[in-house]
Number of protein chains: 2
Amino acid sequence: MQHLAQPIDITQIATHRHTCKAFDPTRRIPPETLTAVKTLLRHTPSSVNSQPWHFVIAGTSTSKDKIAATLAGRFSYNGEKVRDASHVVVLCARREMNGAHLDALIEQEAADGRFATTEARVNQYNARGFYADLHREELRDADQWMEKQVYIALGNLLLGAAALGLDACAMEGIDHAAIDTALGLQARDLRCVLLVALGYRSSADFNAALPKSRLPEAAVISEI
Amino acid sequence: MQHLAQPIDITQIATHRHTCKAFDPTRRIPPETLTAVKTLLRHTPSSVNSQPWHFVIAGTSTSKDKIAATLAGRFSYNGEKVRDASHVVVLCARREMNGAHLDALIEQEAADGRFATTEARVNQYNARGFYADLHREELRDADQWMEKQVYIALGNLLLGAAALGLDACAMEGIDHAAIDTALGLQARDLRCVLLVALGYRSSADFNAALPKSRLPEAAVISEI
């Protein structure tokens, strides 16, 4: 697979990407690039390979309208981006880190050839179970733990999409419960965490021309 | 800046990177690559550009030992990676999204030339304040909100480090409070969220040779 004609300097990508504020409604992500996006999402790393997520990709006017219709009141300003983007990714977390999911993970790892011995399989099952129990029983923050893994997918996607030549806008300003209802996510044991609109900027994307701003290095990095 | 001799296919990076389980203690990240890591970290995107983070980079035996010494008991298995890695990044979240930080952000954005008009500055200040208040006052999840932004930095760093030719291992299995104490983070209004060890794999890194495992696409991606 080769998606880019030019070499990528990853720091160039990181410093030149921006949050797209207006998408060109006439431009569609080509199939091979959408395949690359799915590859990026699916290969996101997660704590103990727990993959506590699902990604719903809305790529039709009907599905994007369904999401945009949930963005009322104080979040209505995000509706246009959802409608005009080529695709909108609904990044979801699982509602439970349950036994069925833990079983699916260990079976997949076995099928993928990660265990030369039964002991290796047992060790991996127990290590993941230790962290699942830590968050379920001791820290009692399993929901937040799973949502944090979804934010790894977000960081991975924003950098990766820029490398693929896509513009993107992440949106936390949404009515999560309304999206869960509109897309039937609760019945699938999922909850919406946030949206990422993907596509190509329009001339109305004022942010494309503005300089990026970050706190100075001394404010955010210390070397010891 | 050009860090790589070969073109990067970002999906190749995403599918070929792995969690490094053992680092070569003799190999150091060269200065120009460490600079690239800092560039990646500092340019991580965040909700309303809130940058609620700080990254402490431990690059000496003394500083890495100080962190490793906190990893006792059930987390002691992570100590060797901390000691043997070239550098260990302590990804921290702010303890408060307070007025001083919100002021620093808007001043930086102004200094970086993002506001052509006073109105643009006021709008940006109010938009960020809306989300800060939403999490502080209404959802009462400001700590989790800020930690989630740190996980964007994690996703960005893991993909970016792989593109830079580095091996990495993220570690949630740590004693957060002990690290806060060891590094004096509370006095700086920071809390440790997780660690990322960076460097180069050793021959003991069994995971380098194992196939990557992910749930099948149909289990984690739906198109609508």
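From a predicted model like this one, the values you see are computed outputs, not experimental measurements.

## As for the environment of Ala58 of chain A
- Counting through the fold element by element, Ala58 of chain A comes out in strand β1 (residues 53-58).
- It is 10 Å that separates the C-alpha atoms of Ala58 of chain A and Leu183 of chain A, two residues lying 125 residues apart in sequence.
- Among all residues touching Ala58 of chain A, those that are not within four sequence positions of it are Ser63, Lys64, Ile67, Ser86, His87 and Val88 of chain A together with Ile224 of chain B.

## Here we look at the relation of the copies chain A and chain B
- Expressed as a screw transformation, the operator carrying chain A onto chain B has a rotation angle of 180° and an axial translation of 0.0 Å, and the superposed copies differ by an RMSD of 0.0 Å. Taken together, these values place the two copies in the relation of a two-fold axis.
- Most of the interface of chain A is mirrored in chain B: 100% of its interface residues are interface residues there too.

## Some points on the sheet that holds strand β5 (residues 221-223) of chain A
- Across the sheet, which stays open at both edges, the 5 strands sit in the order β5(A)-β1(B)-β2(B)-β4(B)-β3(B) with mixed pairing between neighbours. With one partner strand each, in any of the chains shown, β5 of chain A together with β3 (167-171) of chain B form the two edges of the open sheet. The mean angle between the axes of side-by-side strands here comes to 20°, regardless of whether they run parallel or antiparallel.
- In the sheet, β5 of chain A pairs with strand β1 (residues 53-58) of chain B via 3 bridges, with the strands oriented parallel.

## Focus: the sheet that holds strand β2 (residues 87-94) of chain A
- The strand order across the open sheet formed by 5 strands is β3(A)-β4(A)-β2(A)-β1(A)-β5(B), and the pairing between neighbours is mixed. With partners counted over all chains shown, the strands left at the sheet margins are β3 (167-171) of chain A together with β5 (221-223) of chain B, one partner each. Between one strand axis and the next, the sheet turns by 20° as a mean value, whatever way the strands run.
- Pairing of β2 of chain A with strand β4 (residues 190-199) of chain A, which is carried by 8 bridges, proceeds in the antiparallel orientation. Looking at β4 of chain A, one finds that Arg94 of chain A is bridged to Leu190 of chain A.

Criteria and cut-off values
- Residues numbered from 1 in each chain as written.
- Chains lettered and ligands numbered in written order.
- Predicted model: local features only at pLDDT ≥ 70, side-chain atom pairs only at ≥ 80, totals over all residues.
- Heavy atoms only, no water.
- Helix = DSSP H or I, 4+ residues; strand = E, 2+ residues; numbered from the N terminus.
- Contact = heavy atoms within 4.5 Å.
- Least-squares fit on C-alpha atoms with pLDDT ≥ 70 in both.
- Pairing = 2+ DSSP bridges.
- Axes fitted to C-alpha atoms, helices over the stretch in contact; angles between N-to-C directions.

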